[in-house]
Every structure is written in C-alpha cells, then in structure tokens.
Amino acid sequence: MYFKRCDFHKKMNNHNLSLTNSETQVQRSDEQFPYRYYYLINHEVACDVKLLTDDGTVIFARKIDLVNASAYFYAMFNRYSEKDKDHVLLKELDSMALKLLVDYVYSDNIEITEENVKVLLSTADHLGFLFILNKCCTFLQDHLRPSNCLSIKAFADLYSCSTLLSSSELYIKQNILQVIECDEFLSISSERLEEVIKLISYVEQAVSNEKQVLVKCIMNWVNHEWYFRKGVLAELLEHIHLPLASKWCIINGVDMRYNNSSFWLVFTEIGGFDGNHELNEVEVFNVHTEEWKMVSSMSTSRGSVGVGVLNNLIYTIGGFDGLSRQYFRSVECYDPSFDRWKSIADMSTCRSSPGIGVLNGLMYAIGGHDGPFYHKSVEVYNPDTGLWSYVADMHVCRTNPGMGVIILHGLLYVLGGRSKFYDNVSSVEIYNPNTNTWEYMITASSNVGKVYGGVIVNKLPHFIIN
C-alpha cells in the first residue's frame, strides 16, 4: 500500500504525541521538498550527512531536508554536537525502515506492507515521523484478523496508539470465539494471566450458557504449556460463573484427576432438588468428551448441601432432606479415583445451606441454618486428624442462598448471605486464621440484591475503582 502526503488534516488520526511538528512535517511546498535532489541523494551527490546503522548500512541525505521532515532530526542538527558532523550513528534502528523514511522525505511516497509495518511504525515513532506512524496504525487496523489481533493490540499499547488500541480491543471482543482458536491466544504466557482472564470474560459473554465452550477454552490454554500453567488453573476456574443445571441440581464441585501424567477435568453435579424431593445422585461432565455420566450416589439425599474440594477429594457437607424433614450435620467424602463415597466425622452443628471455604489445607463450614435457627458459628475440618472443631463465631448469622466465600492472601472472606429475618445481608466478614478473629465490614446499602458468589480479579489496566 502506498501513501502520499495529501489531505493531511483529513487523514491524520489522534496519537498521544504532539501533532504540531507532524503538521509541519507533511505540509511543505515544492521548494521545501526538492525532488530534484532525490536523484542526487541516491547517487551520493550534494549530501552533507551520512546516516549509519548498526548493520553497516550507510544512507546519504541533506541535513536541511531531515530537519524539515522530523522533530528528532531537527533537535539533532540544531541543538546537539551532531550538527557539525558529516556522519551520525543511529543505534538500534532498522536500516530498511530508516531507508524507507529517508526515501519518503525525497520521493513523497512510501510503501507499507504486512512485512514492514511494525518495524516501520517503531522507527517512525522513534524519529518523529508522525504522519507515517498514523498511516501504519491505519494499515494495522485495516488488517486485523483473529490470528493477529492480540499482537496488534499489544503493539498498539506499547507505542501508545490509542485509536488502534481501541479498535483492536473491540475487534477481539467481537471475534473472541475465533481468537481463542488461534496460536496467539495459546501462546500468551502465564505471566500475563490478567490478559487471559480478560479474554475468558469475553468468551463467557459470547457463549452465554454454553459453559463447556468456556471450560474448553481454559483447558486448551492450560494444556498448551501444562507444566508452566497448571498452577494457575484454579484461579482461572474461579472466573466461570456456572448457572443452575438441569433437574434443579447445583453444580458445586471441581474434580481434578491425574492419569498417566495427563490432566482432565470434570464438573460435578451433586444432590439438589428436582422439584419433588431431594436427590442423592451425582453426575459428572467431562470437558474433553463433552458428555455427562452418572457416578456413585451419596448414601443420603441432600438438598441445600455445601460442597468443597480438598486434596482432590469432594466433600458434601450438611444439607436438608425435605421428605424426612431432617437437617444434617453429617458429611460424605467422594474419591474420584475409586468412584466411592464414604462417611467422615460429623460436624457438631446441623447446617443446611452453609458456606464452604478451603484455606491452608483446612475446610471451613460457615453459618447455615437448621430450620428455626440461623448460625453465625463456624467449624473447621482437619483432614490429618479427621475431626471438626469450632473456630471464632462470625459477627452475624448468615446462610445461603446469597453467601459468597472467597480466599485471598491467606484470609477467608464471607460476602452477603441471608439473615435469620430472611432479608439480605449486605456486609462482609474477614477471617484471619492466625489470630482466629473476624473483621466486620459494611459494604453496601441494605437494599442490595443477593450475593450468589464472588471471584478474585487482579486490577486490570482499564479497571476503574472509584
């Protein structure tokens, strides 16, 4: 693609750099741009400076023409010692791009291609050829594809090309299902986890209730470099907002299995309520085969059950059976390696709809109710001893639905919930296991809706906090 310096004011896009010099740069009369010198420069005649690059390339030019074309050269040949030299070494600049820019000064033409656009943009930015820089941005914007949009966005961010950055961000969002199938997505390093999380949020918006697409996206990225990325899998899964599954069952657990050094994942649908009675059935969804299948059932039918995952075992905690009108303190543990359930030690308190959190290898059963009584007590299970014990009480009673439990920086956060008066709790409590104390925080007005869960989000570049 060729560009000429015509209609500059109509074609110029915004850029974070000042545009004053760029207007001077592109609006020159024929006297200021002596085309007759183009032949002389190419034949090394009538030039007064040689531009040298690291690879030994030598480019001949006239200082007056470079000064008129570039703020960088204006400063160099008017303010610094180079003004008295007949040669200048330009370090770490691409010789091909420099040659194109110098030729542009004399010929008024430049060819931008997919092969040279990025190095040309970088060089134009460094030397202050803002018109060329913006033409490069326009070229990249016109050539956005699912296979290159992530690198173009990163490139735009690096050089503060705000219009290109916005355009590429919008393109990614609109074409996210194609983007995640390309190598650029799979090649994002685990050090750039915030970018992966942001892209996952776009996928979730695009697929709505088709959560298997979202899980498959996460697993494809993790499995691409499993050894380096396995440690962030749990954090990525926290960003999946799973809806209610069929038969009014609650999708509660994540089971991670290791088999011959390969990793596969299933989502577990445990107990719940089918509209008539509580269930003891368990189904798993394999994200690789995209199929549901039944596994061993619990010994007890449980609705409003708490579910936690600890040491790759699934625990069903408390709950309620409407048929017998029983509230449970009992707990069952499922080992996916043997497809087997077993009962473990009971809690001291019956808990229907408790919140469950796992912190430092211990599992916490938080709040809940036993029918008439709502609880602020908390029990903790130690898998080494196989026993439950009480820790400090929360400040207020709270239960699900509406209670979110989050682990962050060694602390356990309990958000919202429902109180014994059947209204929504708008506060947050934070448990410190080192001091066995709860900190109480008011976070919202009393008319907030239910809090059905929460996730941890590291602050993103465009994440605004008032």
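Just above sits the structure.
So, here's what we can say about the structure.

A few words on the overall build of the protein chain. Within the protein chain one finds 16 helices and 23 strands. Across the 466 residues of the protein chain, 47% fall into the buried class. Considering only contacts in the protein chain between residues 6 or more positions apart, those separated by 24 or more positions represent 51%. Approximately 23,400 Å² of the protein chain is accessible, and the part contributed by carbon and sulfur atoms is 49%.

On to unusual backbone geometry. Look at Ser160: it is not a glycine, yet its phi comes out positive at around 55°. Within the secondary structure layout, Ser160 lies in the loop between helix 9 (149–158) and helix 10 (162–174). A relative accessible area of 31% places Ser160 in the partly exposed class. For Asn436, which is not glycine, the phi torsion reads 55° and is therefore positive. Inspection of the secondary structure puts Asn436 in the loop between strand 22 (427–432) and strand 23 (437–442). The class for Asn436 is partly exposed, based on a relative accessible area of 34%.

Among the structural elements, Asn134 can be located in helix 8 (residues 130–142). Taking relative accessible area as the criterion, Asn134 reaches 3% and is therefore assigned buried. A polar side-chain atom of Asn134 sits 2.8 Å from the main-chain carbonyl oxygen of Leu130.

Right, let's talk about the sheet that holds strand 10 (residues 306–310) for a bit. Spatially, the four strands line up as an open sheet ordered 10-11-14-15, and their pairing is antiparallel. Looking at the sheet topology across the chains shown, the edges are occupied by strand 10 and strand 15 (340–344). If you compare each strand with its neighbour and ignore which way they point, the axes differ by 25° on average. Judged from the five bridges that link them, strand 10 and strand 11 (residues 313–317) form a sheet pairing that is antiparallel. Considered in strand 11, the bridge of Val309 is made with Ile314.

In this section: the pattern of salt bridges. A side chain of one charge can pair with a side chain of the opposite charge if their charged atoms are brought near each other. Under the defined criterion, the tally for this structure stands at nine salt bridges. For the salt bridge of Glu195 with Arg192, the shortest nitrogen-to-oxygen distance reads 2.7 Å. A relative accessible area of 21% places Glu195 in the partly exposed class. When the shortest N-O distance is used, the salt bridge between Glu225 and Arg229 registers 3.8 Å. Judged by its relative accessible area of 36%, Glu225 falls in the partly exposed class. Given the relative accessible area of 0%, Arg229 is considered buried. Each of the salt bridges in this network shares a partner with another, and the network as a whole consists of Lys153, Glu169 and Lys198.

Side-chain direction in a regular strand flips from residue to residue, so the side chains alternate between the two faces of the sheet. Every second residue of strand 4 (residues 87–90) is oriented toward a common face, the buried set being Val88 and Leu90 and the non-buried set His87 and Leu89. Where strand 2 (residues 49–53) lies against strand 4, four bridges are found, and the strand directions are parallel. Residue pairing in the sheet places Leu51 in a bridge with Val88 of strand 4.

Following both chains from N to C, one finds helix 7 (residues 117–127) and helix 8 inclined at 150°, their axes separated by 8 Å at the closest point. By the angle between their directions, the pair helix 7 and helix 8 is classed as roughly antiparallel. Taken as a pair, helix 7 and helix 8 cross one another with a handedness that is left-handed. Contact residues: Val117, Leu120, Leu121, Ala124 and Asp125 in helix 7; Ile132, Leu133, Cys136, Cys137, Phe139 and Leu140 in helix 8. Classifying every residue of the contact of helix 7 with helix 8 by side-chain character gives ten nonpolar, no polar and one charged.

Let's shift gears to helix 9. Looking only at helix 9, the buried set comprises Cys149, Leu150, Ile152, Lys153, Phe155 and Ala156. Lining the buried residues of helix 9 we find helix 7, helix 8, helix 10, helix 11 (176–179), helix 12 (183–186) and helix 13 (193–207). Positive backbone phi, at 55°, marks Ser160, one or two positions downstream of helix 9.

Right, let's talk about the side chain of Ser190 for a bit. Within the secondary structure, Ser190 sits in the loop between helix 12 and helix 13. Since its relative accessible area comes to 19%, Ser190 is described here as buried. What Ser190 contacts, discounting residues up to four positions off in sequence, is Trp221, Phe228 and Arg229.

Residue position: Val88 is located in strand 4. Taking the C-alpha atoms as reference points, Val88 and Val58, separated by 30 residues in sequence, lie 9.7 Å from one another. What Val88 contacts, discounting residues up to four positions off in sequence, is Val49, Lys50, Leu51, Leu52, Met76, Phe77 and Glu82.

Between its first and last C-alpha atoms helix 13 spans 21 Å; for 15 residues at 1.5 Å apiece the expected length is 21 Å, and the two agree. Residues of helix 13 that are buried: Leu193, Val196, Ile197, Leu199, Ile200, Tyr202, Val203, Glu204 and Val207. A positive backbone phi angle near 55° is found at Ser208, which sits one or two residues after helix 13.

Reading the values: rules and limits
Residues numbered from 1 in each chain as written. Predicted model: local features only at pLDDT ≥ 70, side-chain atom pairs only at ≥ 80, totals over all residues. Heavy atoms only, no water. Helix = DSSP H or I, 4+ residues; strand = E, 2+ residues; numbered from the N terminus. Buried < 20%, exposed > 50% of the residue type's maximum accessible area, 1.4 Å probe, protein only. Contact = heavy atoms within 4.5 Å. Areas by Shrake-Rupley, 256 points an atom, 1.4 Å probe, with all protein chains shown as cover. Polar contact = N/O pair within 3.5 Å; in protein donor to acceptor, adjacent residues only side chain to side chain. Pairing = 2+ DSSP bridges. Axes fitted to C-alpha atoms, helices over the stretch in contact; angles between N-to-C directions. Salt bridge = Lys/Arg side-chain N within 4 Å of Asp/Glu carboxyl O. Parallel < 35°, antiparallel > 145°, perpendicular 65-115°, else oblique. Left-handed = near helix turned anticlockwise from the far one by under 90°. Nonpolar A, V, L, I, M, F, W, Y, C, P; charged D, E, K, R; others polar. Expected span 1.5 Å × (residues − 1).

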